[in-house]
Amino acid sequence: MKLNKLSYIAVAVAFTGLTACDDFLDAAPDERVTIDSPEKVSLLLVDAYPGANLSGLCEFSSDNVVDNNSPDENGMRYNLSYFDRQDLEAYSWEDVVSNMDTESPSYLWEAYYHSIAVANEALKAIAEMEAQGRGDEVQAQKGEALMCRAYNHFLLANLFSMHYAGEEASKQIPSVPYMDKVEDKVLVNYEREPLQSVYAKIEKDILDGYPLINDGSYSVPKYHFNKKAAAAFAARFYLYKRDYVNAEKWATEALGGESGNPAGMMRTFWSKTFTTPDALVAAYTSAQEQSNLMLVATHSTFFRRRGERFALNREAKDATIYCEGPTWSTALTNYYCHPCYSGKIYVRGSQEYGLFFPKSYEIFEYTDKVAGIGFVHIVRCEFTAEEVLLTRAEARIWQNNLTGALEDLRTWDESRQKIPVAVNFPQLTDERIRDFYKEDKGGFGIVKPLNIDRVNPVDGKALNANIEPYLQCVLHFRRIETIDDGLRWFDIKRYGIEITHKIGATRIEHLTWNDPRRAFQIPAEVIAAGFAPNDRKPALIGEGANCVQLPNSALMAK
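I will try to describe carefully the structure that is included in this document.

The rules behind these values
- Residues numbered from 1 in each chain as written.
- Predicted model: local features only at pLDDT ≥ 70, side-chain atom pairs only at ≥ 80, totals over all residues.
- Heavy atoms only, no water.
- Helix = DSSP H or I, 4+ residues; strand = E, 2+ residues; numbered from the N terminus.
- Rg over C-alpha atoms; globule rule 2.2 N^0.38 Å.
- Buried < 20%, exposed > 50% of the residue type's maximum accessible area, 1.4 Å probe, protein only.
- Contact = heavy atoms within 4.5 Å.
- Areas by Shrake-Rupley, 256 points an atom, 1.4 Å probe, with all protein chains shown as cover.
- Lys, Arg positive; Asp, Glu negative; His and termini not counted.
- Charge placed at Lys NZ, Arg CZ, Asp CG, Glu CD.
- Salt bridge = Lys/Arg side-chain N within 4 Å of Asp/Glu carboxyl O.
- Expected span 1.5 Å × (residues − 1).
- Pairing = 2+ DSSP bridges.
- Axes fitted to C-alpha atoms, helices over the stretch in contact; angles between N-to-C directions.
- Polar contact = N/O pair within 3.5 Å; in protein donor to acceptor, adjacent residues only side chain to side chain.
- Disulfide = S-S within 2.5 Å.
- Parallel < 35°, antiparallel > 145°, perpendicular 65-115°, else oblique.
- Left-handed = near helix turned anticlockwise from the far one by under 90°.
- Nonpolar A, V, L, I, M, F, W, Y, C, P; charged D, E, K, R; others polar.
- Phe/Tyr/Trp six-rings, centres within 6.5 Å; stacked < 30°, edge-to-face > 60°.

Across its full length, the protein carries 20 helices and 10 strands. Taking 558 residues into account, the globule formula puts the C-alpha radius of gyration at 24 Å, and the protein, at 23 Å, falls close to it. C-alpha atoms of the protein, sized along the principal axes, occupy 75 × 60 × 50 Å. Within the span of the protein, comprising 558 residues, buried residues form 58% of the whole. Of all intrachain contacts in the protein linking residues separated by at least 6 positions in sequence, the fraction that spans at least 24 positions is 73%. About 23300 Å² of surface is accessible on the protein, with carbon and sulfur atoms providing 52% of the total. Each charge class in the protein can be summarised by its mean position, and for the 60 positive and 78 negative side chains these summaries are 4 Å apart.

What follows is the structure in structure tokens.
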């Protein structure tokens, strides 16, 4: 495998300009723009997309990252620094309180609610235009605003709440306020809504918004909730809810419908070679790439945060981009990793510190090139055809359609076999899935106990020996596909996967299937304003196989 070396240069953050007092006093009392046309609503909605990147918080909390300062199997450890203390707090599942910078819960909370406020402002303007008899002019914008509002609430709920646990149990799980109108008061006391209520409102916004989406209203559809991206979001929502019929339905819609060709939507990236990480990430995040359904530009320093103390290394590396799989291994392909990564894996500082695949490479926006200051951006491939295909495969597995699931898993697998070098890959089969995923290969954590029936019990959908190898396969493929995206954390939450973090020389933390630390703490400044915090003290709730997830229920009475 070819390894590339990447140098790292830190760049100072931008300073915010100040306006002179005289200029402020000379200004008109109210310079707000009146949103009274479809064009103005569309311009407003540009700011309704999540400008924050959850990857730092979620990847460091998951099993995709290890602490290089903890001893490896040979007792070797390093003395490396972290980018920021909040990375250590996230990795340790502590409350992140050291700062409010990018990747922090404070930043995510503020960014998502800002986007929600923008969507609500747009919906208010649309309602006023509808009252004037001009509703037909802004139906596409209404659909976009509803999808943006739903998606930002979906992110907030899955970050700051325990996972959805079914209709009744989720009524006892405190979540976040669902903001569905423009706030016109300075001081408002918000209460936590039950997670069931939040999910119901998300679903309503999705169902109301989707029919109104019109791809023709966008100059570059892939930077907006186009039809396929909106359907991909709906598929993910229903997958997390364990409504597998609707998850499959919406995933199929995102993949082109019943007559669609998912194989033709897979990423062509793996067949190409790149000379620089800039060229690599430009191709991966391109709006012309058929696999990318929606792209979102975020303010993020995630690229700078991993690669030294906290890195994709050891068992995390060996269970993702450096791992073996049911159709690829050293014996089969003479590569230590999947050959699709040849020439696409980089190291920072030293190979022993870990590897990374720079699909989240940063773009720097200079505000002053001489001073070398500006804003750091990372473009997220928020929805992709590959992730949607694996969503459909998972939904089909739970409906006992293993033939359909195998077809989807094979399509994903074969898309990564289209590489510049000639490798004789075997075909993915039922036998290969059952053989590879019957036990944990090499102790890397590819196959782990699944507690989804305890997290979110669903009548008639119990885990069994026949479907478990397929579920382990789809979770493995999802983990590889979504590396550095943060989505592995949500798979850990919804399946109740237990993980262990070794921290420094001696500390070990274990995250149980119902550990309340699976919900990130509400930002300190929000708590200080009177909002109820999450009770994150680890404690088992109930006992035995029949216990269900009802954490923090006392907060609902506040």
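As enumerated under the stated definition, the model contains 36 salt bridges in all. Residue E509 is joined to R517 by a salt bridge in which the shortest nitrogen-to-oxygen separation is 3.0 Å. You can call R517 buried: its relative accessible area is 8%. Among the charged side chains, a salt-bridge network with shared partners connects R236, E387, E394, R478, D491 and R494.

Taking 1.5 Å as the rise per residue, helix α18 (residues 468-481) with 14 residues should run 20 Å; its terminal C-alpha atoms sit 20 Å apart, in good agreement. When you tally the buried positions in α18, you get 13 out of 14 residues, the bulk of the element.

Once that is clear, we can look at the sheet that holds strand β3 (residues 292-299). Read across the open sheet, the three strands follow the order β3-β8-β7; overall the sheet is antiparallel. Whereas interior strands pair on both sides, the edge strands pair on one side only; in this sheet they are β3 and β7 (363-368). The average angle at which neighbouring strand axes cross in this sheet is 25 degrees, direction not considered. As defined by bridge partners, β3 adjoins strand β8 (residues 373-384) across seven bridges and the pair is classed as antiparallel. Looking at β8, one finds that N292 is bridged to T384.

Turning our attention to the side chain of D515. You can see D515 is positioned in the loop between β10 (507-511) and α20 (524-528). Within the local environment of D515, its side chain forms a polar contact with the side chain of R517, the two groups lying 2.9 Å apart. The contacts of D515, once residues within four sequence positions are left out, are M162, H510 and P538.

Looking now at unusual backbone geometry. The phi dihedral of R242 is positive, around 70 degrees, even though this residue is not glycine. Here R242 is to be found in the loop between α8 (227-241) and α9 (244-254). Despite not being glycine, N400 has its phi angle at roughly 60 degrees, a positive value. Counting through the fold element by element, N400 comes out in the loop between α14 (385-398) and α15 (402-415). Under the relative-accessibility criterion, N400 is labelled exposed at 54%.

What makes a disulfide is a covalent bond joining the sulfur atoms belonging to two cysteines. Under the definition given, this model contains zero disulfides. The thiol sulfur of C148 is not disulfide-bonded, and the nearest other cysteine sulfur, from C381, lies at 17 Å. The closest cysteine sulfur to the non-disulfide-bonded C381 is located on C340, 15 Å from its own sulfur.

Looking at the secondary structure, you find Q139 in helix α6 (residues 139-160). You can call Q139 partly exposed: its relative accessible area is 22%. Distance in space between the C-alpha atoms of Q139 and I213 is 7.8 Å, their sequence separation being 74 residues. Contacts of Q139, omitting those with residues within four sequence positions, involve E130 and L212. For Q139, the side chain forms a polar contact with the main-chain oxygen of G135, separated by 2.8 Å.

Between helix α2 (residues 38-45) and α6, whose axes approach to 10 Å, the crossing angle comes to 20 degrees. For the element pair α2 / α6, the angle class is roughly parallel. Crossing of α2 over α6 shows left-handed handedness. Taking contact as the criterion, the partners of P38, V41, S42 and L45 in α2 are, on α6, Q141, E144 and A145. Taken together, the residues of the contact of α2 with α6 break down into four nonpolar, two polar and one charged.

A word on the pairing of β8. Within β8, 11 of the 12 residues are buried, which leaves it mostly tucked inside the rest of the structure. In terms of strand pairing, β7 meets β8 through five bridges, oriented antiparallel. Of the residues in β8, the one forming a bridge with Y366 is G374.

Now for the packing of aromatic side chains. Throughout the structure, instances matching the rule amount to 39 aromatic pairs. A centroid spacing of 5.4 Å and a plane angle of 75 degrees characterise the contact between W270 and Y341, whose relative ring orientation is edge-to-face. Remark: Y341 occurs in the loop between α13 (330-333) and β5 (345-347) and W270 occurs in the loop between α9 and α10 (277-284); sequence separation between them is 71 residues. Like W270, the residue Y341 is buried in the burial classification. Ring geometry for F303 and F356: centres 5.6 Å apart, planes at 80 degrees, overall edge-to-face.

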